[in-house]
Amino acid sequence: MNDDYNLRGKVAVVGVGETTYYKHGQSPDPEFVLVLKAILAACEDAGINPKEIDGFCSYSNDRNDPPRLANALGIPELRFSNMQWTSGGGGAAAAVQNASGAIMAGSANVVVAYRGLAQGQFGRFGRSGGSRPVSGAAAYTLPYGMMSAAQMYAMRTTRFMHEHGVGRGAMRAIAMACYHHAQNNPRAVMNGKTLDAETYDSSRWITEPYRLFDCCLENDGAAAMIITRTDRAKDLAKAPALVLGAQQSGGHRSGATAENATDYVTSSFKPAVKHLYEQAGITATDIDVVQSYENFTGGVVMSLIEHGLCTYENADEVLTFDNLRADGGKLPLNTSGGNLAECYMHGLGLQIEAVRQVRGESCNQVPDVKVALANAGPMVAVASTALYGTEETA
Amino acid sequence: MSRSTNEAHLPGLRQPAPANDGLDTPFWEGTRAHELRVQRCKECGLHQWGPEWMCHTCNSLDLDWVAVEPTGQIYSWQRPHHPVHNALSDRGPYIIVLVELPHADNIRMVGNLLGDPLQEVEIGAPVSVVFEDREGDPDFTLVQWEVI
């Protein structure tokens, strides 16, 4: 890759922050206030004045638009605003990618990537209501009782388990690792609530093949990341986490309606991973710690395979609870507790945790982290994935 | 090979309506006539689903609607237990199948698998359409499936 057209190491995350994470409906604040609080927290972490922000990136049709945020914060120059068009949380790493691109292009100096959700204020993701007729793509699924996120991604997992014989053991281990890590994380909604194999196996079906603990949480809160030029990071409060690469991808007809994606048994990362590793100049074996978006555990298994961290053949052997834990595992996964046990902040929490691992500030710190992966989205039409590293890696 | 029924499998959910740009009106008119009509490109002859204004293979804008044999094979499935909509409370589990139509360029369609909601579902099993006629505003017909 031509260095002039590669952001590797030139852009860095210099501040991260989040609000208190709440169970859905329990936030005392409106969603907009949550976003403002998260941005202030990320700025404080960076040691940067919020009025220096001149760019905003978000995803999933976040309701808190940059003009209103800039107005509330008193931003003197709003130079860049960006909304990532993807399904669900698949845009979390893409927001970092887009922010990085804006900085590389000279479109902005200090960009915040953010996401706010108040499911109490605006309705739960896991519920669907209404009685009006439905048209377009939803008309081919909703009248058949297929309308929630779990239902939209269950059949990919069924087919994946059928084609590759991979399955339940890996999904259980992923859920247990997330809950295990949440016990050391005071921010985690599931801090204090452990998960053992028996509890997982006896948990109720949401939709077969997903049990309750295969599914992400529903939460209220907000999270933010401050991104700027790496050469600016020297003057700031914390060591920067350099963006080594950030990519997004949808494969051939990944957005086809009524489940007609050409490659159906995929987490949607295949094209992005190829470009990500080339951009960063690394291979999967260089990755020290992994944050892999769990909408549903079956998607994580596919994601890890497509990132080259295990194979279709050995996934059940590699993806064990012992291997996935930060304390001694070979493939530490979702060390904050992730979307299953820290908070479902549409995956931005996973990006933040990758930064904390690079800084050495995680609640479940993996020793000597040089390269951290954080992806977003699996099985959605467009997924995104990013690599962060220490200054010595760039 | 198909049959029809007046029994609603999942009553109370939102009813389908043709898209307001007319894209899939022939499909919904077809189900009322108990025909499974899908798009086929007049240029290259490939079937396409879900509907779109352009053929994704040759980019022709000249697409036809043709009736295809209302049969297929189960490509994947799920069994929802948790009710996500008020109309599904106390309904119990039901089965959603993704059906592949090998005779129509392997397009896939989503519907319910009728019969015992706890039946063992076999990927690859042959299925045929049950047109589910429903009263509504206006009346409409869903495409359901049963194992042959």
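The model shown is predicted, which means the values in this text are computed figures rather than measured ones. (Residues numbered from 1 in each chain as written. Chains lettered and ligands numbered in written order. Predicted model: local features only at pLDDT ≥ 70, side-chain atom pairs only at ≥ 80, totals over all residues.)

**Brief notes about the sheet that holds strand 5 (residues 63–68) of chain B**
Residues and elements named next belong to chain B. Going by this rule: Two strands are counted as paired when DSSP detects at least two bridges linking them. Going along the chain from the N terminus, every DSSP run of H or I of four or more residues is numbered as a helix, and every run of E of two or more is numbered as a strand. This entry defines residue contacts through backbone-placed C-beta atoms, with two residues in contact when those atoms are within 7 Å. Interaxial angles span 0 to 180 degrees and are taken between N-to-C directions of axes, which are lines fitted to C-alpha atoms, for helices over the stretch in contact.
Strand order across the open sheet formed by three strands is 4-3-5, with antiparallel pairing between neighbours. Each edge of the sheet is formed by a strand with only one pairing partner; in this case those strands are strand 4 (47–48) and strand 5. Across the sheet, helix 1 (residues 25–32) lies against strand 3 (36–41) and strand 5, angled at about 150° from strand 3, the strand it touches most.

**Remarks on the interface of chain B and chain A**
Keep this limit in mind: Under the convention adopted here, Pro, Cys and the residues Ala, Val, Leu, Ile, Met, Phe, Trp and Tyr are nonpolar, Asp, Glu, Lys and Arg are charged, and Gly plus all remaining residues are polar.
Tallying the contact residues gives 35 residues for chain B and 39 residues for chain A. Where the side of chain B that touches chain A is concerned, the elements lending two or more residues are strand 2 (16–17), strand 6 (71–80), strand 7 (96–101) and strand 8 (107–112) of chain B. Of the residues belonging to the side of chain B that touches chain A, the class tally is 20 nonpolar, 12 polar and three charged.

**Focus: unusual backbone geometry**
Heads up, the condition is: Between the buried cut of 20 or more and the exposed cut of 12 or fewer other C-beta atoms within 10 Å of a residue's own C-beta lies the partly exposed class, and all C-beta atoms are placed from the backbone.
The step from Glu-208 of chain A to Pro-209 of chain A runs through a cis peptide bond, and the omega angle for that step is 15°. Cis geometry is adopted by the peptide bond preceding Pro-138 of chain B, which originates at Asp-137 of chain B and carries an omega value of 0°. Tracing the sequence through the fold places Pro-138 of chain B in the loop between strand 9 (126–134) and strand 10 (140–147). Look at Glu-259 of chain A: it is not a glycine, yet its phi comes out positive at around 65°. Non-glycine residue Asp-90 of chain B carries a positive phi angle of around 65°. Within the secondary structure, Asp-90 of chain B sits in the loop between strand 6 and strand 7. Under the C-beta neighbour-count criterion, Asp-90 of chain B is labelled exposed, with 6 such atoms within 10 Å.

**A short note on the pairing of strand 8 of chain B**
Residues and elements named next belong to chain B. Counting buried positions over the six residues of strand 8 gives six, a clear majority of the element. For strand 7 and strand 8, the ladder comprises six bridges, and the chain directions are antiparallel. Across the sheet, Val-99 pairs through a bridge with Met-109, a residue of strand 8. Where strand 7 folds back onto strand 8 in an antiparallel hairpin, the turn is made up of five residues, including Asp-105, whose phi is positive at roughly 60°.

**Quick look at the packing of helix 6 (residues 168–182) of chain A against helix 10 (residues 297–306) of chain A**
Residue and element names in this part refer to chain A. Under the convention used in this document: The scheme is simple: roughly parallel for angles under 35 degrees, roughly antiparallel for over 145, roughly perpendicular for 65 to 115, oblique for anything else.
Taken N-terminus to C-terminus, the directions of helix 6 and helix 10 make an angle of 100°; their axes are 9 Å apart at the nearest point. Our classification of the angle between helix 6 and helix 10 gives roughly perpendicular. Residues Ala-170, Met-171, Ile-174 and Ala-175 of helix 6 pack against Thr-297, Gly-298, Val-300 and Val-301 of helix 10. A per-class count over the contact of helix 6 with helix 10 returns six nonpolar, two polar and no charged.

**Some thoughts on the pairing of strand 7 (residues 205–208) of chain A**
Direction of pairing for strand 7 of chain A relative to strand 8 (residues 210–211) of chain A: antiparallel, over a ladder of two bridges. Among the inter-strand pairings, Trp-205 of chain A is bridged to a residue of strand 8 of chain A, identified as Arg-211 of chain A.

**Side note on the packing of helix 3 (residues 92–104) of chain A against helix 14 (residues 348–359) of chain A**
Residue and element names in this part refer to chain A. Packing of helix 3 against helix 14 leaves a shortest axis separation of 7 Å and a crossing angle of 65°. In contact with Ala-92, Ala-93 and Val-96 of helix 3, helix 14 contributes Leu-348, Leu-350 and Gln-351. Residues of the contact of helix 3 with helix 14, tallied by class, amount to five nonpolar, one polar and no charged.

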